[in-house]
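Observations on chain architecture
If you want the building blocks of each chain, they are given just below.
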Amino acid sequence: MSGARRATAFAPASVGNVAVGFDILGFAVETLGDRVSASRAAAPGVAIKAISGIAGELPIIAAQNTAGRAVEAMIEALSPGFGVELRIEKGIPLGSGLGGSAASAVAAVAAANALLDAPREKIELLKYAMQGEAVASGSLHVDNIAPSLFGGLVLTVGIDHPRVKQIPIPTGMRAVVVHPHLYLATKEARAVLNRKVDLADFVWQSANLAGFISGCYTNDLDMIRASFEDVIIEPQRQSLIPAFADVRGAAMAANALGCSISGAGPTIFAWALESDAARVRAAMRAAFAAKTIETDAWVIDMTAPGARVIDQAP
Ligand code: HSE
């Protein structure tokens, strides 16, 4: 079978960390996403032909661009016998903490995969997309890449040989995602983090991650509520996000099960039951508004599928 001449893929935004799973846990946010078109080219390597949408200043040199670097890694590994031209349409605000760089990398490898005579499994694409994400964030982490690629709430174990597990979403659970109109670079939000972790905090965070995941598997809302706390990363980053404490407090007062930073921030997310979600969303937005910060906000069910090809030409 011969691969497509041109293919366009969509990859959703995502919330990384999910409070308790720094760099390993994330969920897809279908309401936003990036689109990338890939075309076969005679010239070897990867060329970025266009960047559009809410792009801001993104590098056009493939090796410096998350989508470009991801497809370069793919070509280096697979030697498909043709080059690839990319056209990137950004639908996720830069520096929002909503996995924009991951979505570009994921959409790019998903589109380029459709060009291959023998397309690869998603688990292999994850490794190429990770190389792209590393260009933007300066580190290899998978908590945005994996949900953007696979959809749903996803735990990833391992970097060289990653294993991906889709975690069940508790019945009636919604995520409230509130994006303040502010910019925060992931590299900056990673640079503030201490390299060492206090032993007591390590124990606490381990318990929270285990409690949270087991709570999702068993529909145990009390366990999820009790374990929905990031005791290591959030305390170090919250000063980077104006109004964080107020927004979190407002969400919890409106009966959220938990509330934390989305990825590196400044977006903040909460989990709430369907019956409370609209109230939690309004409360979080009002807390930002009280500090004259404008927001966009969504309530999502977290069950969205991951990246997929939406158009292709044979
Ligand atoms: N896990 C990453 C972080 C997500 O918190 O730095 C940002 O890309």
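Fair warning: this is a prediction, and the values are worked out from it, not measured in the lab. (Residues numbered from 1 in each chain as written. Predicted model: local features only at pLDDT ≥ 70, side-chain atom pairs only at ≥ 80, totals over all residues. Heavy atoms only, no water.)

**Looking at the nonpolar core**
Rules: The set of buried Ala, Val, Leu, Ile, Met, Phe, Trp, Tyr and Cys residues whose side-chain atoms join them within 4.5 Å is what this entry labels a nonpolar core. For each residue, the accessible area found with a 1.4 Å probe, counting protein chains only, is set against the maximum for its type, and the residue is called buried under 20%, exposed over 50%, and partly exposed in between. A run of H or I in DSSP becomes a helix once it reaches four residues, and a run of E becomes a strand once it reaches two; helices and strands are each numbered from the N terminus. Segment limits for the domains were obtained from an automatic or database-derived domain assignment. Note on contacts: a residue pair qualifies if any of its non-hydrogen atoms lie within 4.5 Å across the two residues.
Counting 71 residues, the largest nonpolar core has Leu-25, Phe-27, Leu-86, Phe-212 and Trp-271 as its most contacted members. Ranked by residues supplied to this core, first place goes to helix α2 (residues 100–113) with ten residues. A domain-level breakdown of this core finds at least three residues from each of domain 1 (6–166) and domain 2 (173–300). The residues touching Leu-25, leaving out its near neighbours within four places in the chain, are Val-15, Gly-16, Asn-17, Val-18, Val-20, Asp-143, Leu-153, Val-154, Leu-155, Leu-209, Phe-212 and Ile-213. Within the second largest apolar cluster, 26 residues are counted, among which are Val-176, Phe-244, Ile-261 and Ala-287.

**Overview of empty space enclosed by the protein**
Quick reminder of the rule: Only protein atoms enter the 1 Å grid used here. Points where a 1.4 Å probe fits but cannot escape make up a cavity, open sets with protein on both sides within 12 Å along at least five of seven lines make up a pocket, and a residue lines them when an atom lies within 4 Å of a point. Grid points are joined across faces, edges and corners, and a volume is the space filled by probe spheres set on the points.
On inspection of all chains with the given rule, the structure shows two cavities of 30 Å³ or more. Its volume calculated, the largest cavity comes out at about 40 Å³. Lining the largest cavity are Val-71, Met-74, Ile-75, Pro-80, Phe-82, Val-84, Ala-112 and Leu-116. When residues of the lining of the largest cavity are assigned to their parent elements, the largest contribution, three residues, is made by helix α1 (residues 66–78).

**Description of the site of the ligand**
Just so we agree on the cut-off: Note on terminology: near, applied to a residue and a molecule or strand, indicates that one of the residue's heavy atoms is within 4 Å of it. Throughout this description, a polar contact denotes any pair of N or O atoms lying within 3.5 Å of each other; where both atoms belong to protein, one of them has to be capable of donating a hydrogen while the other can accept it, and for residues adjacent in sequence the pair is counted only when both atoms sit in side chains. Shrake-Rupley sampling with a 1.4 Å probe provides the accessible areas, and residues are treated as covered by the protein chains on show and by no other component. Throughout, a molecule is located in a cavity or pocket provided that more than half of its atoms lie within 2 Å of its grid points. In the scheme used here, Gly and all other residues not listed as nonpolar or charged are polar, with Ala, Val, Leu, Ile, Met, Phe, Trp, Tyr, Cys and Pro taken as nonpolar and Asp, Glu, Lys and Arg as charged.
Surveying the vicinity of the ligand reveals the residues Asn-17, Phe-22, Asp-23, His-141, Asp-143, Asn-144, Thr-186, Arg-190, Arg-237, Gly-263 and Ala-264. In the environment of the ligand, an oxygen atom lies 3.3 Å from a nitrogen or oxygen atom belonging to the side chain of Asn-144. One of the side-chain N or O atoms of Arg-190 is found 2.6 Å from an oxygen atom in the ligand. Here the ligand, which alone exposes 260 Å², has 96% of that area covered by the protein. For the ligand, the cavity whose grid points lie within 2 Å of the majority of its atoms is the largest pocket. Residue classes in the shell around the ligand are distributed as two nonpolar, five polar and four charged. Lining the shell around the ligand are residues from two domains, each supplying at least three of them: domain 1 (6–166) and domain 2 (173–300).

**Here's the deal with the side chain of Ser-37**
Note that Ser-37 resides in strand β2 (residues 25–41). Assessed through its relative accessible area of 17%, Ser-37 is described here as buried. Within the structure, the side chain of Ser-37 is placed 2.6 Å from the side chain of Thr-8, a separation counted as a polar contact. Among all residues touching Ser-37, those that are not within four sequence positions of it are Ala-7, Thr-8, Glu-85, Leu-86 and Arg-87.

**Here we look at the sheet that holds strand β10 (residues 295–300)**
Formally: When DSSP finds at least two bridges between two strands, those strands are taken to pair. Helix axes are fitted only over the stretch in contact, all axes being lines through C-alpha atoms; the angle between N-to-C directions runs from 0 to 180 degrees.
Within the open sheet, the four strands sit side by side as β8-β9-β7-β10. Their pairing is antiparallel. At either end of the open sheet lies a strand with only one pairing partner, and these are β8 (258–261) and β10. Here the average twist between neighbouring strands, direction ignored, is 20°. Bridge analysis of strand β7 (residues 173–180) against strand β9 (residues 268–273) gives six bridges, and the strand direction is antiparallel. The residue of β9 that forms the bridge with Met-173 is Leu-273. Packed onto the sheet, helix α9 (residues 244–253) meets β8 and β9 and runs at close to 160° relative to β8.

**Quick look at the environment of Leu-257**
Summarising the element assignment, Leu-257 is placed in the loop between α9 and β8. The buried category is assigned to Leu-257, whose relative accessible area is 1%. Separated by 13 residues in sequence, Leu-257 and Ala-270 place their C-alpha atoms 7.3 Å apart.

**What to know about the domain arrangement of the chain**
Inclusion rule: Put simply, buried area is how much 1.4 Å-probe accessible surface two parts lose in total, over both of them, once they are put together. We count a salt bridge whenever a side-chain nitrogen from Lys or Arg sits within 4 Å of a carboxyl oxygen from Asp or Glu.
What the domain assignment lists for the chain is domain 1 (6–166) and domain 2 (173–300). For domain 1 versus domain 2, the distance between C-alpha centres works out to 25 Å. Taken together, the contact pairs 32 residues of domain 1 with 35 residues of domain 2. Here domain 1 and domain 2 share an interface that buries about 2,300 Å² over both sides, 68% of which is from carbon and sulfur atoms. For the domain 1 face of the interface with domain 2, the top three residues by lost area are Ala-19, Val-20 and Phe-22, together amounting to 26%. Across the domain 1-domain 2 interface, the total number found is one salt bridge.

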